[in-house]
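Analysis of the macromolecular model
Here is how the chains run, residue by residue.
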Amino acid sequence: MPDLVPLPGSERSALPSASPAPTPLDDSQVITVTVLLRRRAEMPTELVQGPETISTSELGERYGADPADAQLVAEVLGTYGLTVTESHLESRRLKVSGTIAQMQAAFGTTLTAVNSPHPDGSGDVQHRYRTGSLSVPAGLSGIITAVLGLDDRPQARPQFRRGQALRARTSGHSTGDQEGGTSAAAAAPGGPLTAPQVASFYQFPAGTDGTGQTVAIIELGGGYTASDLSTYFSGLGLTVPPVTAVGVDGGSNSPGQQADGEVELDIEVVGGVAPGAAQIVYFSTNTDQGFIDAIAQAVHATPSPIAVSISWGQSEDQWSAQSRTAMDQAFADAAALGATVTVAAGDNGSSDDPSEQTQVHCDFPASSPNALACGGTKLVGNTSSFAITSEVVWNELASNEGAGGGGVSDVWPLPSYQANAGVPKSAAASASGQSGTGRGVPDVAGNADPVTGYLVVVDGQQQPVGGTSAVAPLWAGLIARLAQATGKRFGLLQPMIYAGAATGAAAPGFNDIVEGNNGAYKAGPGWDACTGLGSPNGGALLNLLSGTVPTTGS
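The sections below set out a description of the structure shown in this document.

Reading guide: rules and limits
Residues numbered from 1 in each chain as written. Predicted model: local features only at pLDDT ≥ 70, side-chain atom pairs only at ≥ 80, totals over all residues. Heavy atoms only, no water. Phe/Tyr/Trp six-rings, centres within 6.5 Å; stacked < 30°, edge-to-face > 60°. Helix = DSSP H or I, 4+ residues; strand = E, 2+ residues; numbered from the N terminus. Buried < 20%, exposed > 50% of the residue type's maximum accessible area, 1.4 Å probe, protein only. Core = buried A, V, L, I, M, F, W, Y, C linked by side-chain atoms within 4.5 Å. Contact = heavy atoms within 4.5 Å. Pairing = 2+ DSSP bridges. Axes fitted to C-alpha atoms, helices over the stretch in contact; angles between N-to-C directions. Left-handed = near helix turned anticlockwise from the far one by under 90°. Nonpolar A, V, L, I, M, F, W, Y, C, P; charged D, E, K, R; others polar. Parallel < 35°, antiparallel > 145°, perpendicular 65-115°, else oblique.

Further remarks concern the packing of aromatic side chains. The geometry of an aromatic ring pair is captured by the separation of the ring centres together with the interplanar angle, meaning the angle of the planes. The full count for this structure, using the stated rule, is 8 aromatic pairs. Relative to Phe386, the ring of Phe201 lies with its centre 5.2 Å away and its plane at 80 degrees, an arrangement referred to as edge-to-face. On the criterion of sequence distance, the pair formed by Phe201 in helix H7 (residues 195-201) and Phe386 in the loop between strand E19 (372-382) and strand E20 (387-393) is long-range, its members being 185 residues apart. The exposure class of Phe201 is buried, given its relative accessible area of 2%.

Written out as structure tokens, the structure is:
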């Protein structure tokens, strides 16, 4: 067999809480992993940061995987008994199948079966597990950039927070006024709102509804029912938008799980603020492999989405470097194609950990410099005039009800678009006397506090749900409406929205949030590590973006 050499970035940290599973792995079991290959040419920064975009076929031909590389990988891995079962050269992915014993030999690792706590707090799960680095056959060094799926530990948690249910569970045939209507939200200032009301507070562009646009949504569990969507949208006086479920890596629309709250929140917020947009919901497995495969499939789909909404994440330090890089590169593909990736920044304040508030961490993938990180506010206003009376940082940590994530990345350097935004050193670096500033999170914000959150219908029940999970689809819907109004695709939004940013100064197109904190960081004038540039003013953003992005096909 060929000599093996280490695969950079493949190190997996130990899970201190992992314990051996009662039943060991069967080395003859066949599993499928995702092998990522290098680009045939490096993607220019100016293509990622726009404003020019290219088509899916052009992206694959210029910056996808080289067919010769894919052929060589198939031949070499074949000597270990492994088989390439799928090839996606435009997104540089090969699906490779073989027994666990063959995988261990080809990639220089040992897999075991363990139980460990799920990141969402739902209890222990059994999964394959490895620690340390992977290796690849020497002839493939530099060609293979990541091997995903050997360790299939749950990777992410949904970033949503349930409020107190307003109605009892129903039999599923209640009227729209009972289930999805607006009357319950309109009465009490500071109470839960509907998605259209939030869009009105933020002055989403008049005369738009997202028609002609497609929004992709990534889900790692749970599902939705047609009856819930019918109840919700009829209660708002809206037609149910076209929603299509796509399975990835064995995932499927599977309602009846805790994650239903995430799935239906995402669909209902996008549809509530952009009812004319088509939605494609990609259901995948909750692993780094499943997460990245779903994003790659969504980004490279036809028609190309105008936005990709992601409401799942995990602390940066809980990812392998190869997984972070692979996902960031998928986001770079999205930007080059003109799709904006909106990502929830987390629901546990600056610690990004529901059980630990003394450390600071950013959530990934929100911290990717090629993702639009979405933080959280608490929005109060008049639901007749839609004038905002108060908007502060979402922080209910004192009552154990969450807070908007944010901070300074430990793994991504300061991107050029944030050079003048006033991003400070991270709280951790300041405490240790270290120098250097990383990528600041979030970029933007929106209503997230479950107290002022979104009235949605989940599993037959109307309830207020919040979290930065609601902000990612809110911004995805806004981008769909902005694209409809301008006839343009935006891709990476940050170079445009940060262009007018300066330390301590409000940015054009935003409601500056200057009160509150998320733990280690405080809000203040201009960009801050709680709410970024602020919550959107849709009309002002339309003016800002109208003249900056060329119209292109996809």
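By size, the foremost hydrophobic cluster in this structure holds 121 residues, and its most contacted members are Ile218, Phe291 and Trp475. Here this core takes 10 residues from helix H13 (residues 468-486), the largest share from any one element. If we skip the residues at most four places from it in the chain, Phe291 touches Ala156, Ile218, Leu220, Ser284, Thr285, Ile310, Trp312, Trp319, Met327 and Pro365. Counting 26 residues, the second-largest nonpolar core is a separate cluster that includes Val33, Val73, Leu94 and Met103.

Moving on to the sheet that holds strand E16 (residues 312-315). The strand order across the open sheet formed by 3 strands is E10-E16-E18, and the pairing between neighbours is antiparallel. The open sheet has two edge strands with one neighbour each: strand E10 (157-158) and strand E18 (363-364). Bridging between E10 and E16 involves 2 bridges; their strand directions are antiparallel. Bridge pairing in E16 places Pro158 opposite Trp312.

Strand pairs in the sheet, formed through backbone hydrogen bonds, run parallel or antiparallel to each other. The strand order E2-E6-E7 describes an open sheet built from 3 strands, whose pairing is antiparallel. At either end of the open sheet lies a strand with only one pairing partner, and these are strand E2 (19-20) and strand E7 (124-129). Of the strand pairs in this sheet, strand E6 (residues 112-117) and E7 are connected by 6 bridges, and their pairing is antiparallel. Residue Ala113 lies in a different strand from E7, and its bridge partner there is Arg128.

So, on to the packing of helix H8 (residues 226-235) against helix H9 (residues 260-273). Where H8 meets H9, the closest approach of the two axes is 11 Å, and the angle between their N-to-C directions is 35 degrees. Considering how the two elements wind past one another, H8 and H9 form a crossing that is right-handed. Contacts between H8 and H9 involve Asp228, Leu229, Tyr232 and Phe233 on the former and, on the latter, Glu264, Ile267, Glu268, Gly271 and Gly272. A class-by-class count of the residues in the contact of H8 with H9 yields 4 nonpolar, 2 polar and 3 charged.

Turning next to the packing of H13 against helix H15 (residues 538-546). Between two packed helices, the angle of one axis relative to the other and the distance separating the axes together describe the packing. It is the contact of H13 with H15, at a shortest axis distance of 10 Å, that shows an interaxial angle of 50 degrees. Taken together, the axis directions place H13 and H15 in an arrangement best described as oblique. Note on packing geometry: the crossing formed by H13 with H15 is right-handed. Contact with H13, carried on its side by Trp475, Leu478, Leu482, Ala485 and Thr486, involves Gly538, Leu541, Leu542, Leu545 and Ser546 of H15 and no other residues of that element. In terms of residue class, the contact of H13 with H15 is built from 7 nonpolar, 3 polar and no charged.

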